[in-house]
Amino acid sequence: MSKAEVSLDHLFRVFTKPEHTDSTLAKIERHLSDNISDFLSQHVVTKKTSLEEIEKDFFSAAVPDSPEFVSEHAEALLDKLVAHSVNTYAPTFIGHMTSALPYFHLSLAKLLVGLNQNLVKIETSKAFTPLERQTLGMMHNLIYQQNDAFYEEYLHNANHSLGAFCSGGTIANITALWVARNQLLGPDGKFPGVAKAGLAAAYRHYGYENIGIMSSNRGHYSLSKTVDILGIGRDNMLTVHSPSQQLEAEKALAVGKAYQEQGNKLLAIVGVAGTTETGHVDPLDELADVAKELGCWFHVDAAWGGATLFSEAYRSKLAGIEKADSVTIDAHKQMYVPMGAGMALFKDPRHSNAVRHHAQYILRQGSKDLGATTLEGSRNGMAMMVYSSLHIFGRRGYELLIDKSIEQAKTFAAMIDAHPDFELMTAPILSLLTYRLRPSALAKLEDMPCDEASSIKKKLDSLTVRVQKQQREAGRSFVSRTRIEIAKYQGETTTVFRVVLANPLTTESHLSAILDEQLEIAKTMKLWSELTAIVLPKIA
Ligand SMILES: *Cc1c(COP(=O)(O)O)cnc(C)c1O
């Protein structure tokens, strides 16, 4: 590769905008944009190249000494990076919560990067700050539905905030539970609060052995990062065994009481609205009552499922979410916003003051700087992407997308149910389902005596693993896989295919092609012949 000259003149040219439409930079821009469009319109998930092969393109740890021409570097990116990326836009990419984006985001991204505003303080963001506050207000309204007077008072109030915008669900969960912790262990008489005195002093002052957080064992792993970071400790993450995929209110109450009887204090119950593995929704309304009875915070992790609130038909699946003290929603999941858009929303706008931070040179008292109550410091204007999406789709547009996804998941579930060689493992509550390959002769497997069934089950598990890998490597389609415990096989985990229907361009024929491909792959395996040869004993 030829090297550009090392001179300030050359670097100035890199900084300045293209002067006319046929300038080099303008050409590069069009070239890149055409290439991305081509790449995204391919119906191939990923090019068949091994990771080891790709690593060879990224082997050197040396910082390049001399500058490269932008045009040549762009070519290298297209060749090494774009060509070997995963096409998350492909309608057969149905394994993850990340999916196709509406095309307008590419133009908006340019605006975002071009303006390069920093939301940490007003001086570097100006109009972006009220925009972010309004966006948080709209999402707050979607959940809590307060009256106009409430939003008039709090939307742009310097001493309150309706939520915290952040890079994703993990940070949103940490933020919400950080607020909960500081609220529980707040200033009290002469005690200045945990934020100032630290955890040890707070436990001594309040007389707690430990404080803990409870969720079902289907809670997202960001919760165990949270208890670690908040200093509570992973031993105080109470994960309740939930073969039904839901945190049952009775169990939650019993576990909470037992924990508190040992001199501990339960900090929060986390209800999940759309679990990562199966898309189940905890009984939020009942859990809110349990939290009240135990005297603890109620947080709802609706990172993925929160967008269901746009739908009149399915909103009730999240009934009780309005009772939560805080809610996490990721706009980069079902709201089709580029990655980096999470939110923690607070029912009570005073609560975020529990983590308010002031610094002399920045974040002055009484300012509207968003950085005073967010975990992250410098942040870009991602809220604009959420703001624009809310306008461009509108609630009714989002409703159409959500309804379509859920209905398509139901259709896919029916296809799996009707197919003799597949078994639906968890039916879709929202637009997520799990299933596996299971030769029709083994349909009555769960009624079998344990020993034999268990060894067949292990074979089915390994079939799922191998088919999933081979399908992913072939690169035409992608479903993910996970291990879950389901009610009919209590005490054991089962490996399943996991599908998230999010891409509006996915059709029924894509779905049936995915099943066909899986069956075809299975049929090439010796394991499949072994499994189809098994004759189950007649059950008396
Ligand atoms: C995705 C997800 C998270 C984590 O969000 P990130 O944006 O990946 O940090 C947390 N909880 C649930 C339920 C999720 O689906």
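What you are looking at is a predicted structure, and each value in this text was computed from that prediction instead of being measured.

Conventions and cut-offs
- Residues numbered from 1 in each chain as written.
- Predicted model: local features only at pLDDT ≥ 70, side-chain atom pairs only at ≥ 80, totals over all residues.
- Heavy atoms only, no water.
- Helix = DSSP H or I, 4+ residues; strand = E, 2+ residues; numbered from the N terminus.
- Rg over C-alpha atoms; globule rule 2.2 N^0.38 Å.
- Buried < 20%, exposed > 50% of the residue type's maximum accessible area, 1.4 Å probe, protein only.
- Contact = heavy atoms within 4.5 Å.
- Areas by Shrake-Rupley, 256 points an atom, 1.4 Å probe, with all protein chains shown as cover.
- Domains from an automatic or database assignment.
- Buried area = accessible area lost by both parts, 1.4 Å probe.
- Salt bridge = Lys/Arg side-chain N within 4 Å of Asp/Glu carboxyl O.
- Polar contact = N/O pair within 3.5 Å; in protein donor to acceptor, adjacent residues only side chain to side chain.
- Nonpolar A, V, L, I, M, F, W, Y, C, P; charged D, E, K, R; others polar.
- Pairing = 2+ DSSP bridges.
- Axes fitted to C-alpha atoms, helices over the stretch in contact; angles between N-to-C directions.
- UniProt positions renumbered as here; feature names shortened; annotations may be inferred.
- Phe/Tyr/Trp six-rings, centres within 6.5 Å; stacked < 30°, edge-to-face > 60°.
- Left-handed = near helix turned anticlockwise from the far one by under 90°.
- Right-handed = clockwise from strand over helix to strand, strands pointing away.
- Near = heavy atom within 4 Å.
- Patch = residues over 30% accessible without salt bridge, like charges linked within 9 Å, V, L, I, M, F, W, Y side chains within 5 Å.

Draft legend 1. The arrangement of the overall build of the protein in detail. Along its length, the protein carries 17 helices and eleven strands. Over its C-alpha trace the protein gives a radius of gyration of 26 Å, about what one expects of a compact globule, namely 24 Å for 540 residues. Projecting the C-alpha coordinates of the protein onto the three principal axes gives extents of approximately 80 × 70 × 45 Å. Buried residues in the protein amount to 51% of all 540 residues. Look at the contacts in the protein between residues 6 or more apart in sequence, and 71% of them connect residues 24 or more apart. Carbon and sulfur atoms provide 54% of the accessible area of the protein, an area that totals close to 25,500 Å².

Draft legend 2. Highlighting the environment of Met425. With respect to the secondary-structure elements, Met425 resides in strand S8 (residues 422-426). Judged by relative accessible area, which is 10%, Met425 ranks as buried. Apart from the residues within four sequence positions on either side, Met425 is in contact with Thr434, Tyr435, Arg436, Ile486, Tyr489, Thr494 and Val496.

Draft legend 3. Geometry of the domain arrangement of the protein. Its domain assignment divides the protein into domain 1 (8-87), domain 2 (128-381) and domain 3 (395-532). For domain 1 and domain 3, the distance between their C-alpha centres works out to 37 Å. Listed per partner, the contact involves five residues of domain 1 and seven residues of domain 3. Taken together, the two surfaces of domain 1 and domain 3 that pack against each other cover about 390 Å², and 57% of this comes from carbon and sulfur. Per-residue buried area on domain 1 facing domain 3 is highest for Val45, Thr46 and Lys48; these three make up 76% of the total on that side. Linking domain 1 to domain 3 there are zero salt bridges. Put simply, domain 1 and domain 3 have two residue pairs in polar contact (both at pLDDT 80 or more) between them. Grouping the constituent residues of the side of domain 1 that touches domain 3 by class yields two nonpolar, two polar and one charged.

Draft legend 4. Expanded view of the sheet that holds strand S2 (residues 211-216). One open sheet holds the seven strands; their spatial order is S1-S7-S6-S5-S4-S2-S3, and the pairing between them is mixed. At either margin of the open sheet sits one strand with a lone partner, and together these are strand S1 (163-166) and strand S3 (237-240). The sheet shows a mean angle of 20° between the axes of neighbouring strands, taken without regard to direction. With four bridges joining them, S2 and strand S4 (residues 265-272) adopt parallel strand pairing. When the sheet's bridge partners are listed, Ile211 is paired in S4 with Lys265. Against the sheet, helix H13 (residues 284-294) contacts S4 and strand S5 (297-301), and its axis sits at roughly 175° relative to S4.

Draft legend 5. Representation of the UniProt feature "modified residue: N6-(pyridoxal phosphate)lysine" (unreviewed entry) in the protein within the structure. The residues that UniProt annotates with the feature "modified residue: N6-(pyridoxal phosphate)lysine" (unreviewed entry) are Lys333. Its place among the elements puts Lys333 in the loop between strand S6 (326-330) and strand S7 (342-346). Among residues more than four places away in sequence, those in contact with Lys333 are Met97, Ala303 and Trp304. Side chain to side chain, Lys333 and Asp330 meet in a polar contact 3.3 Å long.

Draft legend 6. Quick peek at the packing of aromatic side chains. As enumerated under the stated definition, the model contains eleven aromatic pairs in all. Measuring from ring centre to ring centre gives 5.2 Å for Phe93 and Phe478, while their planes differ by 25°; the resulting arrangement is stacked. You can see Phe93 sitting in the loop between helix H4 (70-80) and helix H5 (104-115) and its partner Phe478 sitting in the loop between helix H15 (450-474) and strand S10 (480-484), a full 385 residues away along the chain. Measuring from centroid to centroid gives 5.0 Å for Phe393 and Tyr398, while their planes differ by 50°, and the two rings are tilted. Aromatic rings pair up to connect Phe104, Phe310, Phe393 and Tyr398 into one cluster.

Draft legend 7. Main features of the packing of helix H14 (residues 383-418) against helix H16 (residues 508-523). Where H14 contacts H16, the two axes come as close as 11 Å, and the packing angle between them is 35°. Where H14 crosses over H16, the handedness of that crossing is right-handed. Mapping the contact onto sequence places Gln408, Thr411, Phe412, Met415 and Ile416 in H14 and Glu508, Leu511, Ser512 and Leu515 in H16. The residue inventory of the contact of H14 with H16, partitioned by class, reads five nonpolar, three polar and one charged.

Draft legend 8. Molecular detail of the pairing of S3. Here S2 runs beside S3; their pairing, made up of four bridges, is parallel. Residue pairing in the sheet places Ile213 in a bridge with Met237 of S3. The parallel pair S2 and S3, bridged by helix H11 (residues 222-229), forms a crossover whose chirality is right-handed.

Draft legend 9. Structural context of the site of the ligand. Looking at the ligand, there are 15 residues lining it, with Thr170, Asp301, Asp330, His332 and Lys333 nearest. In this structure, Gly169 approaches the ligand through a main-chain N or O atom, which is 2.8 Å from an oxygen atom. Within the contact set of the ligand, an oxygen atom lies 2.9 Å away from a side-chain nitrogen or oxygen of Lys333. Contact with the protein chains hides 86% of the accessible area of the ligand, taken as 380 Å² for the molecule alone. At three residues, helix H8 (residues 169-184) tops the list of elements feeding residues into the shell around the ligand.

Draft legend 10. Highlighting the side chain of Asn236. Within the secondary structure layout, Asn236 lies in the loop between H11 and S3. A polar contact is formed between the side chain of Asn236 and the side chain of Asn210, at a distance of 3.4 Å. Beyond its immediate stretch of four places on either side in the chain, Asn236 contacts Asn210, Ile211, Gly212, Ile213 and Tyr259.

Draft legend 11. Quick peek at a nonpolar patch on the surface. Side chains of Leu8, Leu11, Phe12, Val14 and Val70 sit close together on the surface and give an oily, nonpolar patch of about 450 Å² of accessible area. The element that contributes the greatest number of residues to the nonpolar patch is helix H1 (residues 8-15), accounting for four residues. Within the element layout of this structure, Leu11 appears in helix H1. By relative accessible area, Leu11 is classed as partly exposed at 39%.

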